[in-house]
Amino acid sequence: MPTLDLTGKVALVTGSGRGLGLAYAQALAAAGASVVVNDLDEAVAEQAAKTIREAGGRAVAEAVTVGTTEAADRLVARAVAEFGRLDVLVTNAGVLRDKVLWKMSDEDFDAVVGVHLRGTFTCARAAAVRMREQGEGGSLILVGSPAGQRGNFGQTNYAAAKAGIAAMARTWSMELDRANITVNAIVPVAATAMTETVPAFAPYVEALRGGEPLPGFLRKGEGFGTAEDCAALVPFLASEAARGVTGQCIGIGGDKLALWSHPQEVSVAYADGGWSPETIAESWHTSVGSEPQTVGIPAPKVPSTPEARSA
C-alpha cells in the first residue's frame, strides 16, 4: 500500500485557527507534515500553531485575511521561507453573511465570494506556481459544502462560491495533471459554529460540548460528526496513497464517506428539426420534466423516540 506518511512534506491550511481548519492542520501535522497555520486573528493563529508544536508537530502561524493575490503570495512565501517548499494546500478560509436574496447587499455577497471563491483561486494559483517550479507534484485540497452541491436557503453567496469551488477543482485537475498535482474538493459535515444553528442539530452539538458522543442516527444516517472525523480525509488526499485521485468531490462526516456525482444529464428528449416553445410545453411533463431534480440540503431525519435517538 502506498505510504500515508507525510514526513518531509509542507502544508498550508487557510482559515486553520479554529474548527475544521484547525483539525485539518493537526491531522496533517500528525501524519508528519510541517504546517503553516493561517487565521485573520494573529493570536488565534499563534495559539493553533502552538497546539501543533506541543503535540510534537512542526507549525508556524501567518495571520492574514485570505482573498487577495498579496495574501496568497505571502502565505506561500512563508511556507517556503520556513520549510523550504510547499506540497499541500488546503483552502478552508471562509466567512458567512446569510440573508435571503432580496435582503442581501452587495457587501454581503462580495465578502463571502471574496474569501471563499477568490481566496481559493488566489491561494491555489500561488501554490500551483510554486509546486510546478519544484517539479515534484503536490496536492490542492479545496473545501466545498453541501450548500454548493445542492443549494441552501438564505445562502446565495455561500452556495454560489462553494459551487464554483467544485467547478474549479474539476477544471484544475485537468490543467495540473501533467505537473502531477492532484486537485480535489472535500464536502465536510461536522459540528461547528455554523451547523449548531440548525435546530435539529443544536441539542446534539451542545451535548457534544459536554462530553457526550453523537448518536448513531447522526453519525451514520446524516453523516454528521466532529471536525476530527472530517479531518481524516485531508492527510489521505495529501499522501501518495491518493496519487491517482483527482477531480473529485468527496464528502465526509461522522461515520460516512461519500463520492458526490458531477452534474450530468439525467433525461433527454429529441424533436426532429429542433424545438419550439409550444413543443417544449407540450412534451415537458411527459419527457425530460417528468422527474424534476430536488433542491436544497435535505432536512435531518431525527428519530421520533428517545430510544432511537440515543442508539
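Summarised in this report is the structure supplied together with it.

Digging into the environment of R78
Mapped onto the elements of the fold, R78 is located in helix α3 (residues 69–83). Given a relative accessible area of 22%, R78 falls into the partly exposed group. As for R78 and L142, which are separated by 64 residues in sequence, their C-alpha atoms are 20 Å apart. Those residues within four positions of R78 in sequence are excluded, and the remaining contacts are V36, V60, A61 and E62.

Comments concerning the packing of α3 against helix α4 (residues 106–134)
Helix packing geometry: the angle between the two helix axes and the distance between the axes. Between α3 and α4, the shortest axis-to-axis distance is 8 Å and the interhelical angle comes to 40°. Viewed along their axes, α3 and α4 adopt a mutual orientation that is oblique. The chirality of how α3 crosses α4 is right-handed. In this structure, α3 uses T69, A72, D73, L75, V76 and V80 to contact α4, whose residues at the interface are T122, C123, R125, A126, A127 and R130.

Focus on the pairing of strand β4 (residues 88–91)
Residues V88 and V90 point to one face of β4 and L89 and T91 to the other, with burial holding for every one of them. Here four bridges tie strand β1 (residues 10–14) to β4, and the two strands are oriented parallel to one another. Bridging across to β4, V13 finds its partner in V90. Where β4 lies against strand β5 (residues 138–143), four bridges are found, and the strand directions are parallel. For T91, the partnering residue across the bridge sits in β5 and is L142.

Considering the nonpolar core
Core analysis: the biggest nonpolar cluster contains 37 residues, and Y24, L28, V37, V90, I141 and I186 have the highest contact counts within it. Examining the composition of this core, we find that eight residues originate from one element, helix α1 (residues 19–30), more than from any other. Residues in contact with Y24, not counting those within four places in the same chain, are V13, V90, N92, V143, I186, P188, C230, A231 and V234. One finds V66, V76, M131 and M168 within the second-largest nonpolar core, a separate group that totals 34 residues.

Considerations on a nonpolar patch on the surface
A contiguous nonpolar patch, built from W275, I280 and W284 and spanning about 310 Å² of accessible area, is present on the exposed surface. The exposure class of W284 is partly exposed, given its relative accessible area of 40%.

Points about α4
Between its first and last C-alpha, α4 extends 40 Å over 29 residues, near the 42 Å set by a 1.5 Å rise per residue. Of all the bends in α4, the greatest measures close to 40° and is centred on G114. Just downstream of α4 lies G135, where phi reads positive at about 75°.

Basis of the calculations
Residues numbered from 1 in each chain as written. Predicted model: local features only at pLDDT ≥ 70, side-chain atom pairs only at ≥ 80, totals over all residues. Heavy atoms only, no water. Helix = DSSP H or I, 4+ residues; strand = E, 2+ residues; numbered from the N terminus. Buried < 20%, exposed > 50% of the residue type's maximum accessible area, 1.4 Å probe, protein only. Contact = heavy atoms within 4.5 Å. Axes fitted to C-alpha atoms, helices over the stretch in contact; angles between N-to-C directions. Parallel < 35°, antiparallel > 145°, perpendicular 65-115°, else oblique. Left-handed = near helix turned anticlockwise from the far one by under 90°. Pairing = 2+ DSSP bridges. Core = buried A, V, L, I, M, F, W, Y, C linked by side-chain atoms within 4.5 Å. Patch = residues over 30% accessible without salt bridge, like charges linked within 9 Å, V, L, I, M, F, W, Y side chains within 5 Å. Areas by Shrake-Rupley, 256 points an atom, 1.4 Å probe, with all protein chains shown as cover. Salt bridge = Lys/Arg side-chain N within 4 Å of Asp/Glu carboxyl O. Expected span 1.5 Å × (residues − 1). Bend = angle between axes of the 7 residues up to and from the residue.

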